[in-house]
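# Chains, contacts and geometry: an overview
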Amino acid sequence: MDSSKNLSARIKEYLNTLTTSQKIAAEYIIRNIPEVAFSTVNELSKKIGVSESTVVRFVRSLKYSNYADLQKEVQRGLQQNGLNSTFSERLEMFKTSEDDNSFEVSIKNDVNKVMKLLDPDFYLNFDVAVTKIKSAKKLFVFGCRSSGYIAGFFAYFLNYMRPNVIDLSRTQNVNVDALVDCKKGDVFLVVGMSRYSMLTIEMMKVAKKQGAFVISITDSIVSPVATLSDLTMACETGAQTFFWSASSVSALINIILKAMVLPDDDVLKKRFQKLENLLDENHVFVNCKKKG
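These remarks concern the structure in this document. Here the structure is a predicted model, which is why all the values come from computation and not from measurement. (Residues numbered from 1 in each chain as written. Predicted model: local features only at pLDDT ≥ 70, side-chain atom pairs only at ≥ 80, totals over all residues. Heavy atoms only, no water.)

## Focus on the nonpolar core
Judged by nonpolar contacts, the single largest core of 34 residues is most densely connected at Leu158, Ile217, Met233, Leu252 and Ile256. Among the secondary structure elements, those contributing two or more residues to this core are helix H9 (120-135), strand E1 (139-143), helix H10 (146-161), strand E3 (187-192), strand E4 (213-218), strand E5 (231-234) and helix H13 (247-261). Of all the elements, H13 adds the most residues to this core, at eight residues. Excluding its chain neighbours within four sequence positions, the residues that come into contact with leucine 158 are Ile133, Leu139, Val141, Val165, Leu189, Leu257 and Met260. (Core = buried A, V, L, I, M, F, W, Y, C linked by side-chain atoms within 4.5 Å. Buried < 20%, exposed > 50% of the residue type's maximum accessible area, 1.4 Å probe, protein only. Helix = DSSP H or I, 4+ residues; strand = E, 2+ residues; numbered from the N terminus. Contact = heavy atoms within 4.5 Å.)

Written out as structure tokens, the structure is:
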């Protein structure tokens, strides 16, 4: 049974014993399970709009020893069930939640996922990630299976902005030997969403052993990808859907790219000009500009 069902069952069982403020907490928590997994009592109480003591009493009313026990159960549930569910399991969930699959609801869900990137704690990791990506001697970018397409998109534009970007997501039959030149001072940037590839985990382990700083874009701070990372940017992707949603991941990539070009950087300007000249001279794109 996943974490949300465990909580739902407990809340239903003890609903009549909850105070009004505890019921407010219960409603918020059920709708925001991942926030329970990653928030302190203080943080959660502020989000709900109740006191810390209300949250603590609510947890005890559900017969948990303390908030940490509830949190651990939720984290285990997210890691073992929701985040890494099989296609068959997702299809069953998809069939039983038809009201949640309308066009309008799907769009709103994606918007909500993107808005969660505005969390102050997320911004701190984002700022560090941009600094590391810009200053790395070499930048290795990797993603496997469906995550590989997003990683390849990211690497394509990073290559415009800085030298020494090695896109391993587009390399046929890539393996750990692709990291033979990876060393301290380099950054290994990985996109790893559920279901998590064994190759992704192996590549991360080797990159860390070689001394690289490992940055991950994944779907939870308790995912196997996150636990191997030096820095994690966790984007909600919707494990309850049949295919994971790339909306928040794409938004994150776009703001990283934007952050890299925002400073008035003469080196970057010269690189872009050189690039444009190269593309024009070799007639890479259709010229749609009207001539005098």
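Structure's up, so let's keep going.
## Section: the sheet that holds E5
Spatially, E2-E1-E3-E4-E5 is the arrangement adopted by the five strands of the open sheet, whose pairing is parallel. A single partner strand is all that each edge strand has here, and the edge strands are strand E2 (165-167) and E5. Within this sheet the neighbouring strands show an average axis-to-axis angle of 15°, counted without direction. Pairing analysis gives four bridges linking E4 to E5, with the strands arranged parallel. Each bridged residue has a counterpart across the sheet, and for isoleucine 215 the counterpart in E5 is leucine 231. (Pairing = 2+ DSSP bridges. Axes fitted to C-alpha atoms, helices over the stretch in contact; angles between N-to-C directions.)

## Thoughts on the packing of helix H4 (residues 41-48) against helix H5 (residues 52-61)
The geometry of a pair of packed helices is captured by two quantities: the angle between their axes and the separation between those axes. H5 packs onto H4 with a crossing angle of 105° between their chain directions and a minimal axis gap of 8 Å. Classed by the angle they form, the pair H4 and H5 counts as roughly perpendicular. Between H4 and H5, the contacting residues are Val41, Asn42, Leu44, Ser45 and Ile48 on the first element and Glu52, Val55 and Val56 on the second. Along the lines of polarity and charge, the residues of the contact of H4 with H5 split into five nonpolar, two polar and one charged. (Parallel < 35°, antiparallel > 145°, perpendicular 65-115°, else oblique. Nonpolar A, V, L, I, M, F, W, Y, C, P; charged D, E, K, R; others polar.)

Interpretation note: all reported values are geometric properties and have no functional meaning in isolation.
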